[in-house]
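Breakdown of the fold
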Amino acid sequence: MWNWIKSRLNKEPDPMKFLIIGLGNIGPEYDNTRHNIGFEVLDQWVKEHDGEWETGRLANVAKFKFRGKQIVCIKPTTFMNLSGKAVKHWMSAERIAPKNMLVITDDINIDVGKLRLRGKGSAGGHNGLKDIQAELGGDKYDRIRFGAGGDYSRGRQIEHVLGQWAKDEEIEVVLQKDRACKAIESWIIKGLNGAMNEFSG
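Residues numbered from 1 in each chain as written. Predicted model: local features only at pLDDT ≥ 70, side-chain atom pairs only at ≥ 80, totals over all residues. Heavy atoms only, no water.

Looking now at the layout of surface pockets. Where empty space is left can be seen by rolling a probe of water-molecule size over the atoms. The volume enclosed by the largest pocket comes to roughly 440 Å³. Forming the boundary of the largest pocket are 25 residues, of which His35, Gly125, His126, Asn127 and Gln157 lie nearest the centre. Secondary-structure elements contributing two or more residues to the lining of the largest pocket are strand E5 (101–107), helix H4 (127–136), strand E7 (142–147) and helix H5 (157–161). Considering every element that reaches the lining of the largest pocket, the biggest residue donor is H5, with three residues. Considering only residue class, the lining of the largest pocket consists of eight nonpolar, 11 polar and six charged. (1 Å grid on protein atoms, 1.4 Å probe; cavity = no way out; pocket = protein on both sides within 12 Å on 5 of 7 lines; lining within 4 Å. Points joined across faces, edges and corners; volume = space filled by probe spheres on them. Helix = DSSP H or I, 4+ residues; strand = E, 2+ residues; numbered from the N terminus. Nonpolar A, V, L, I, M, F, W, Y, C, P; charged D, E, K, R; others polar.)

Structure follows, in C-alpha coordinates:
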(Lines give C-alpha, C1' and ligand atoms only; values in the text may rest on other atoms or scores of the structure.)
Protein backbone atom coordinates (compact mmCIF):
# COMPACT_ATOMS: atom_id res chain seq x y z
CA MET A 1 0.00 0.00 0.00
CA TRP A 2 2.84 2.36 0.82
CA ASN A 3 4.65 1.84 -2.50
CA TRP A 4 2.41 4.21 -4.46
CA ILE A 5 3.16 7.03 -1.99
CA LYS A 6 6.91 6.45 -2.05
CA SER A 7 6.90 6.26 -5.83
CA ARG A 8 5.25 9.68 -6.04
CA LEU A 9 7.36 11.41 -3.42
CA ASN A 10 10.55 9.36 -3.38
CA LYS A 11 10.56 9.85 0.40
CA GLU A 12 10.04 7.66 3.44
CA PRO A 13 7.00 8.22 5.68
CA ASP A 14 7.31 10.47 8.70
CA PRO A 15 6.96 8.19 11.78
CA MET A 16 5.89 11.15 13.94
CA LYS A 17 2.86 11.99 11.81
CA PHE A 18 -0.59 10.48 12.28
CA LEU A 19 -3.67 10.76 10.07
CA ILE A 20 -7.09 10.58 11.74
CA ILE A 21 -10.08 10.31 9.39
CA GLY A 22 -13.70 10.86 10.39
CA LEU A 23 -16.22 9.56 7.86
CA GLY A 24 -19.48 11.30 7.05
CA ASN A 25 -21.42 13.34 4.51
CA ILE A 26 -21.17 17.10 4.12
CA GLY A 27 -24.25 19.31 4.52
CA PRO A 28 -26.53 20.24 7.43
CA GLU A 29 -29.12 17.67 6.38
CA TYR A 30 -26.71 14.98 7.58
CA ASP A 31 -26.02 16.48 11.00
CA ASN A 32 -26.66 14.15 13.96
CA THR A 33 -27.20 11.14 11.71
CA ARG A 34 -25.72 7.72 12.38
CA HIS A 35 -23.63 7.84 9.21
CA ASN A 36 -21.96 11.08 10.36
CA ILE A 37 -20.69 9.91 13.72
CA GLY A 38 -17.13 9.84 12.37
CA PHE A 39 -17.38 13.58 11.67
CA GLU A 40 -18.87 14.23 15.11
CA VAL A 41 -16.24 12.29 17.06
CA LEU A 42 -13.44 14.03 15.19
CA ASP A 43 -15.07 17.46 15.66
CA GLN A 44 -15.18 16.86 19.41
CA TRP A 45 -11.59 15.59 19.58
CA VAL A 46 -10.19 18.48 17.53
CA LYS A 47 -12.07 20.95 19.74
CA GLU A 48 -10.66 19.32 22.88
CA HIS A 49 -7.17 20.05 21.54
CA ASP A 50 -7.94 23.61 20.39
CA GLY A 51 -7.53 22.62 16.76
CA GLU A 52 -9.12 24.61 13.95
CA TRP A 53 -10.64 23.30 10.75
CA GLU A 54 -9.55 24.69 7.40
CA THR A 55 -10.72 23.92 3.89
CA GLY A 56 -8.23 21.71 2.05
CA ARG A 57 -8.14 19.56 -1.03
CA LEU A 58 -10.93 16.97 -0.90
CA ALA A 59 -11.38 17.48 2.85
CA ASN A 60 -11.65 19.82 5.79
CA VAL A 61 -8.34 19.60 7.64
CA ALA A 62 -7.11 20.33 11.17
CA LYS A 63 -3.48 20.02 12.30
CA PHE A 64 -1.98 20.17 15.79
CA LYS A 65 0.55 18.52 18.09
CA PHE A 66 -0.34 15.78 20.58
CA ARG A 67 2.27 14.18 22.85
CA GLY A 68 5.03 15.46 20.58
CA LYS A 69 3.46 13.97 17.46
CA GLN A 70 2.05 15.84 14.47
CA ILE A 71 -1.64 15.08 14.01
CA VAL A 72 -3.48 15.57 10.73
CA CYS A 73 -7.27 15.22 10.97
CA ILE A 74 -9.49 15.14 7.90
CA LYS A 75 -13.21 15.07 7.18
CA PRO A 76 -13.60 14.21 3.49
CA THR A 77 -15.79 16.61 1.51
CA THR A 78 -16.23 14.07 -1.28
CA PHE A 79 -19.32 12.46 0.26
CA MET A 80 -19.11 9.04 1.83
CA ASN A 81 -18.87 6.94 -1.32
CA LEU A 82 -15.64 8.68 -2.45
CA SER A 83 -13.90 8.95 0.93
CA GLY A 84 -10.89 7.01 -0.32
CA LYS A 85 -9.80 9.79 -2.68
CA ALA A 86 -9.34 12.20 0.23
CA VAL A 87 -7.57 9.58 2.36
CA LYS A 88 -5.15 8.67 -0.42
CA HIS A 89 -4.36 12.32 -1.16
CA TRP A 90 -3.59 13.28 2.45
CA MET A 91 -1.55 10.15 3.13
CA SER A 92 0.59 11.06 0.15
CA ALA A 93 0.74 14.81 0.78
CA GLU A 94 1.71 14.41 4.45
CA ARG A 95 3.89 11.30 4.00
CA ILE A 96 1.90 9.23 6.47
CA ALA A 97 2.31 5.46 6.58
CA PRO A 98 -0.78 3.20 6.65
CA LYS A 99 0.15 2.02 10.16
CA ASN A 100 -0.25 5.63 11.38
CA MET A 101 -3.75 6.00 9.93
CA LEU A 102 -6.99 5.67 11.89
CA VAL A 103 -10.54 5.74 10.46
CA ILE A 104 -13.58 6.53 12.60
CA THR A 105 -16.83 5.18 11.23
CA ASP A 106 -20.34 4.03 12.11
CA ASP A 107 -21.13 0.31 12.12
CA ILE A 108 -24.64 -1.13 12.01
CA ASN A 109 -23.31 -4.54 13.06
CA ILE A 110 -22.45 -3.18 16.52
CA ASP A 111 -24.99 -2.20 19.17
CA VAL A 112 -25.44 1.44 20.07
CA GLY A 113 -23.25 2.23 23.07
CA LYS A 114 -20.30 0.04 22.03
CA LEU A 115 -16.97 0.62 20.29
CA ARG A 116 -14.68 -1.79 18.52
CA LEU A 117 -11.13 -1.18 17.36
CA ARG A 118 -9.72 -3.29 14.55
CA GLY A 119 -6.57 -3.35 12.44
CA LYS A 120 -8.05 -4.95 9.35
CA GLY A 121 -11.23 -6.50 8.03
CA SER A 122 -13.92 -6.24 5.41
CA ALA A 123 -15.90 -3.08 4.76
CA GLY A 124 -19.02 -4.84 6.01
CA GLY A 125 -21.17 -3.12 3.38
CA HIS A 126 -19.99 0.37 4.42
CA ASN A 127 -19.50 2.45 1.26
CA GLY A 128 -16.92 4.77 2.81
CA LEU A 129 -14.72 1.87 3.88
CA LYS A 130 -15.22 0.16 0.52
CA ASP A 131 -13.85 3.19 -1.30
CA ILE A 132 -10.90 3.56 1.07
CA GLN A 133 -9.99 -0.07 0.53
CA ALA A 134 -10.37 0.27 -3.24
CA GLU A 135 -8.14 3.36 -3.35
CA LEU A 136 -5.48 1.97 -1.02
CA GLY A 137 -5.58 -1.55 -2.38
CA GLY A 138 -6.11 -3.33 0.92
CA ASP A 139 -7.96 -3.51 4.23
CA LYS A 140 -5.02 -3.37 6.64
CA TYR A 141 -5.64 -0.05 8.34
CA ASP A 142 -6.81 0.71 11.88
CA ARG A 143 -10.36 1.79 12.58
CA ILE A 144 -12.70 2.73 15.40
CA ARG A 145 -16.13 1.30 14.70
CA PHE A 146 -18.89 3.18 16.52
CA GLY A 147 -22.03 1.15 17.16
CA ALA A 148 -24.98 2.43 15.11
CA GLY A 149 -27.28 -0.51 15.83
CA GLY A 150 -29.13 -2.76 13.40
CA ASP A 151 -32.71 -2.25 14.55
CA TYR A 152 -34.37 -1.58 11.21
CA SER A 153 -36.72 -3.39 8.87
CA ARG A 154 -35.50 -5.23 5.81
CA GLY A 155 -34.77 -2.83 2.98
CA ARG A 156 -34.54 0.17 5.32
CA GLN A 157 -30.77 0.21 5.88
CA ILE A 158 -30.15 3.48 4.02
CA GLU A 159 -32.98 5.17 5.87
CA HIS A 160 -31.52 3.87 9.14
CA VAL A 161 -27.95 5.08 8.66
CA LEU A 162 -29.03 8.43 7.25
CA GLY A 163 -31.54 8.87 10.05
CA GLN A 164 -30.96 10.65 13.35
CA TRP A 165 -30.36 8.88 16.63
CA ALA A 166 -33.46 7.91 18.60
CA LYS A 167 -34.17 9.88 21.77
CA ASP A 168 -33.46 6.89 23.98
CA GLU A 169 -30.05 6.45 22.31
CA GLU A 170 -28.77 10.00 22.74
CA ILE A 171 -27.19 9.58 26.18
CA GLU A 172 -25.33 6.44 25.07
CA VAL A 173 -24.11 8.27 21.96
CA VAL A 174 -22.76 11.18 24.02
CA LEU A 175 -20.93 8.81 26.37
CA GLN A 176 -19.49 6.79 23.50
CA LYS A 177 -18.29 9.92 21.73
CA ASP A 178 -16.28 10.72 24.87
CA ARG A 179 -14.88 7.17 24.91
CA ALA A 180 -14.07 7.33 21.21
CA CYS A 181 -12.05 10.52 21.75
CA LYS A 182 -10.10 8.82 24.51
CA ALA A 183 -9.64 5.78 22.28
CA ILE A 184 -8.00 7.95 19.62
CA GLU A 185 -5.48 9.15 22.18
CA SER A 186 -4.88 5.64 23.48
CA TRP A 187 -4.26 4.44 19.92
CA ILE A 188 -1.66 7.16 19.33
CA ILE A 189 0.09 6.53 22.66
CA LYS A 190 -0.23 2.76 23.09
CA GLY A 191 -0.80 1.49 19.56
CA LEU A 192 -3.68 -0.63 18.32
CA ASN A 193 -3.35 -3.54 20.76
CA GLY A 194 -3.19 -1.26 23.78
CA ALA A 195 -6.21 0.72 22.62
CA MET A 196 -8.14 -2.47 21.85
CA ASN A 197 -7.54 -3.84 25.32
CA GLU A 198 -8.75 -0.61 26.86
CA PHE A 199 -11.73 0.33 24.71
CA SER A 200 -13.16 -2.49 22.60
CA GLY A 201 -16.40 -4.04 23.77
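Here the focus is the sheet that holds strand E6 (residues 115–118). With mixed pairing, seven strands are arranged side by side in an open sheet as E2-E3-E4-E1-E5-E7-E6. Each edge of the open sheet is held by one strand with a lone partner, namely strand E2 (54–56) and E6. Neighbour to neighbour, the strand axes of the sheet diverge by 25° on average, direction disregarded. As paired elements, strand E1 (residues 17–22) and E5 share four bridges and run parallel to each other. Among the inter-strand pairings, Ile21 is bridged to a residue of E5, identified as Val103. Where helix H2 (residues 37–48) meets the sheet, it contacts E1, strand E3 (59–66), strand E4 (69–76), E5 and E7, and its direction lies at approximately 145° from that of E4. Contacting E1, E3, E4, E5, E6 and E7, helix H6 (residues 170–199) crosses the sheet at an angle of about 25° to E6. (Pairing = 2+ DSSP bridges. Axes fitted to C-alpha atoms, helices over the stretch in contact; angles between N-to-C directions. Contact = heavy atoms within 4.5 Å.)

Counting through the fold element by element, Asp31 comes out in the loop between E1 and H2. By relative accessible area, which is 46% here, Asp31 ends up partly exposed. A sequence separation of 55 residues divides Asp31 from Ala86, and the C-alpha atoms of the two residues are 20 Å apart. The contact partners of Asp31, leaving out residues within four places of it in the chain, are Glu40 and Gln164. (Buried < 20%, exposed > 50% of the residue type's maximum accessible area, 1.4 Å probe, protein only.)

A few words on the environment of Gln133. Of note, Gln133 is situated in helix H4. When the C-alpha atoms of Gln133 and Ser83 are compared, they prove to be 9.8 Å apart, with 50 residues separating the residues in sequence. Sequence-distant contacts of Gln133, that is, excluding residues within four places in its chain, are made with Gly121, Ser122, Ala123, Gly138, Asp139, Tyr141 and Arg143.

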